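Descriptive structure summary
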Amino acid sequence: MNNNNALTAIILSASLGIFCNLQAETGGYHHNEKSASVVKAGIPETHHTTGMVTQVDASRGQIIIHHPPIESLEWEDMTMAFPIVDKALLKGIKVGDKVKLDLIMPDGVATISKIDVIN
Ligand SMILES: [Cu+2]
């Protein structure tokens, strides 16, 4: 590879990186790239947070929650959509509820594995 090609390759991979980050932010669910690569000795990675329910879509198995900063994920506070491992967990959860969450990270996607109302 001559110098020109090397430079093109560097620029290309840099712009692909930016593209992937944009996709993670705007398309579908919030991904956590760091988390996706960190798996400790077969122990499933779980994160804990609280939040306020702003929307529930039981048929899709999705819930939108405003959560405070999640230190273990290095996430700022935000309102975001979470998939859930089992739609049945959304039973009885309604807009305005304060909830406590367990999050697992299959493929780096924060997915609710446990949700409890803490009103
Ligand atoms: Cu978030």
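Let me begin by describing the structure that accompanies this report. (Residues numbered from 1 in each chain as written. Predicted model: local features only at pLDDT ≥ 70, side-chain atom pairs only at ≥ 80, totals over all residues.)

1. Some points on the overall build of the protein chain
Threshold: Each helix corresponds to a stretch of at least 4 residues labelled H or I by DSSP, and each strand to a stretch of at least 2 residues labelled E; elements are numbered beginning at the N terminus.
Counting secondary structure elements, the protein chain contains 2 helices and 5 strands. Taken from the N to the C terminus, the helices and strands of the protein chain come in the order α-α-β-β-β-β-β.

2. Focus: the environment of Asp86
Heads up, the rule is: Burial in this document is a count-based property: other C-beta atoms within 10 Å of a residue's C-beta are tallied, and the residue is buried at 20 or more, exposed at 12 or fewer, or partly exposed in between, with C-beta positions derived from the backbone.
Looking at where Asp86 falls in the secondary structure, it is placed in the loop between strand S3 (78-83) and strand S4 (98-104). With 11 C-beta atoms packed within 10 Å, Asp86 lands in the exposed category. On a C-alpha basis, the gap between Asp86 and Ile112 in space is 8.6 Å, while along the polypeptide they are 26 residues apart.

3. Structural notes on the nonpolar core
Condition: We call a set of buried Ala, Val, Leu, Ile, Met, Phe, Trp, Tyr and Cys residues a nonpolar core when their C-beta atoms link them within 7 Å.
Of all hydrophobic cores here, the largest spans 12 residues; its members are Ile63, Ile65, Phe82, Ile84, Leu90, Val99, Leu101, Leu103, Met105, Ala110, Ile112 and Ile115. Elements with a contribution of two residues or more to this core: strand S2 (62-67), S4 and strand S5 (111-117). A per-element tally of this core places S4 first, with 3 residues.

4. Re unusual backbone geometry
Residues apart from glycine generally show negative phi values, whereas peptide bonds are mostly found in trans. The backbone of Glu74 shows a phi angle near 55 degrees, a positive value even though the residue is not glycine. Looking at the secondary structure, you find Glu74 in the loop between S2 and S3. With a phi close to 55 degrees, Asp107 is a non-glycine residue in the positive phi region. As for its position among the elements, Asp107 is in the loop between S4 and S5.

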